[in-house]
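Each chain, written out:
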Amino acid sequence: MNTKIWLSSPHMGTSEFKNVKEAFDTNWIAPLGPHVDGFERDLADFLGEGVHVAALSSGTAALHLALIMLGVQAGDEVICQSMTFSASANPIAYQGAIPVFVDSEDRTWNMSPDLLETAIEDRISKGKKPKAIIVVHLYGMPAEMDRIMAIADRYAIPVVEDAAEALGSSFKGQKLGTFGAMSILSFNGNKIITTSGGGALVSNSEAFIKQARFLATQARDAAPHYQHSHIGYNYRMSNVCAAIGRGQMEVLPDRVQQRRFNYSFYQEQLAATPAIQFAGEPNSDYYSNRWLSTILVNDSQGVSREDIRLALEKENIESRPLWKPMHLQPIFADAPFYGDGTSERLFDQGLCLPSGSNMTDEERARVITCIKACFSL
Ligand SMILES: Cc1ncc(COP(=O)(O)O)c(C=O)c1O
């Protein structure tokens, strides 16, 4: 059997292990410590001036805290991109609030600004102004942030950017994760950099980040005994995980280049296959970290997305259909949805190809050979 090629596996640099050993040597084995502070600084420095960061146990936890701090409560409505991973929407449900899903646009596969505006106006006309907008940069591709922010500002609704998949991407030269009132990052094992599991909340508001750190450490009031005036959470990042994260930050620019190389390679190799389309950056305003390389497969050459996925699986190569939109998920069947069929078509035709920054030339060649064989090339 061929060795397995993963969709997106962890890729350590040279400092991670040394940093973890140092955490052990100094006995900072806790959800606080010098690497947590250092990782927050590294992220803030990377993202740009005036940015504040709280390192947390996951991206999902970060999104949950963002909604809590925006005052989202039971019965409130929160707009969310439908084409995403469930973790973008679950924290809305944690708060007992109602997700209102909005479809994607063709260009970026992210939230359609036109449908966002339609959704906002319709919800307002029904007497419920949405409390927040969760926009996602799927697979690293920037959403159309200028139009989305302009609409959100016009209706005075805060934006939470889900940049879980998009660290290292930018829009009009500005790093993703710095547009929203708050933004979240994920360092899960499959992300462009990983802390094994982890996430971060990002904001230009230091007050939000201080409050996030407070809520993430059980909301302990200043007192010698345990005293609480708020419901707290155990959402802080461990110093051991942050030690890994600090090493990963050293190689983040390399990881972006390596993933972008995967994408260009696949695109070049499959350029002569008309049934396969790539999601190009719409113009030079958009810079994607190409976290995952994705393709759309139409039936014009008699080969379907599933044919390719199954052929890859036979060769011990992991691939995955594009994320199934939230409005099609059984758990969210009753949620309002504003759409035009775009994300359904993407889900039907789309496939994520192996995209790890640690892929070898031989592994990339195996993927291409297998896909070309589906087309008898
Ligand atoms: C778009 C998106 N949002 C949120 C998350 C949640 O991040 P985490 O796994 O760190 O909780 C993920 C990844 O898992 C994701 O892909």
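Since the model is a prediction, treat every value here as computed from it, not as a measurement. (Residues numbered from 1 in each chain as written. Predicted model: local features only at pLDDT ≥ 70, side-chain atom pairs only at ≥ 80, totals over all residues. Heavy atoms only, no water.)

Let's talk about the overall build of the chain
Counting its regular elements, the chain contains 11 helices and 15 strands. The C-alpha radius of gyration of the chain comes to 21 Å, within 12% of the 21 Å expected for a compact globule of 377 residues. For the chain, the spread of C-alpha atoms along the principal axes amounts to about 70 × 60 × 35 Å. Counting only residues that meet the buried cut, the chain has 57% of its 377 residues in that class. Contacts spanning at least 24 positions in sequence make up 72% of the contacts within the chain whose residues lie at least 6 apart. About 15,500 Å² of surface is accessible on the chain, with carbon and sulfur atoms providing 51% of the total. (Helix = DSSP H or I, 4+ residues; strand = E, 2+ residues; numbered from the N terminus. Rg over C-alpha atoms; globule rule 2.2 N^0.38 Å. Buried < 20%, exposed > 50% of the residue type's maximum accessible area, 1.4 Å probe, protein only. Contact = heavy atoms within 4.5 Å. Areas by Shrake-Rupley, 256 points an atom, 1.4 Å probe, with all protein chains shown as cover.)

Structural notes on helix 3 (residues 59-69)
Helix 3 sits mainly inside the fold: 10 of its 11 residues count as buried. The N-cap of helix 3, judged by a side-chain oxygen 3.4 Å from the amide nitrogen of Thr-60 a few residues on, is Ser-58. Immediately downstream of helix 3, the backbone of Gly-71 shows phi near 80°, a positive value. (Polar contact = N/O pair within 3.5 Å; in protein donor to acceptor, adjacent residues only side chain to side chain.)

Quick look at the domain arrangement of the chain
The domains assigned to the chain are domain 1 (16-250) and domain 2 (252-374). Each of domain 1 and domain 2 has a C-alpha centre, and the two are 25 Å apart. Taken together, the contacts link 47 residues of domain 1 with 39 residues of domain 2. Together domain 1 and domain 2 conceal approximately 3,700 Å² of surface at their shared face, both sides included; 62% is due to carbon and sulfur atoms. When residues of domain 1 are sorted by the area they lose upon contact with domain 2, Trp-109, Tyr-139 and Ile-192 head the list and together hold 22% of the total. Taken together, domain 1 and domain 2 are joined by 1 salt bridge. As a salt-bridge pair, Arg-345 and Asp-106 come within 2.3 Å of each other at their nearest N and O atoms. In this assembly, domain 1 and domain 2 are joined by 25 residue pairs in polar contact (both at pLDDT 80 or more). The set of elements that each furnish at least two residues to the side of domain 1 that touches domain 2 consists of strand 3 (98-102), helix 5 (113-125), strand 6 (170-171) and helix 8 (239-269). A class-by-class count of the residues in the side of domain 1 that touches domain 2 yields 23 nonpolar, 13 polar and 11 charged. (Domains from an automatic or database assignment. Buried area = accessible area lost by both parts, 1.4 Å probe. Salt bridge = Lys/Arg side-chain N within 4 Å of Asp/Glu carboxyl O. Nonpolar A, V, L, I, M, F, W, Y, C, P; charged D, E, K, R; others polar.)

Examining the UniProt feature "active site" (unreviewed entry) in the chain
According to UniProt, the positions carrying the feature "active site" (unreviewed entry) are Lys-191. Structurally, Lys-191 is set in the loop between strand 8 (182-186) and strand 9 (199-203). Excluding residues within four positions of it along the chain, Lys-191 makes contact with Ala-164, Glu-165, Ser-186, Arg-259 and Trp-291. (UniProt positions renumbered as here; feature names shortened; annotations may be inferred.)

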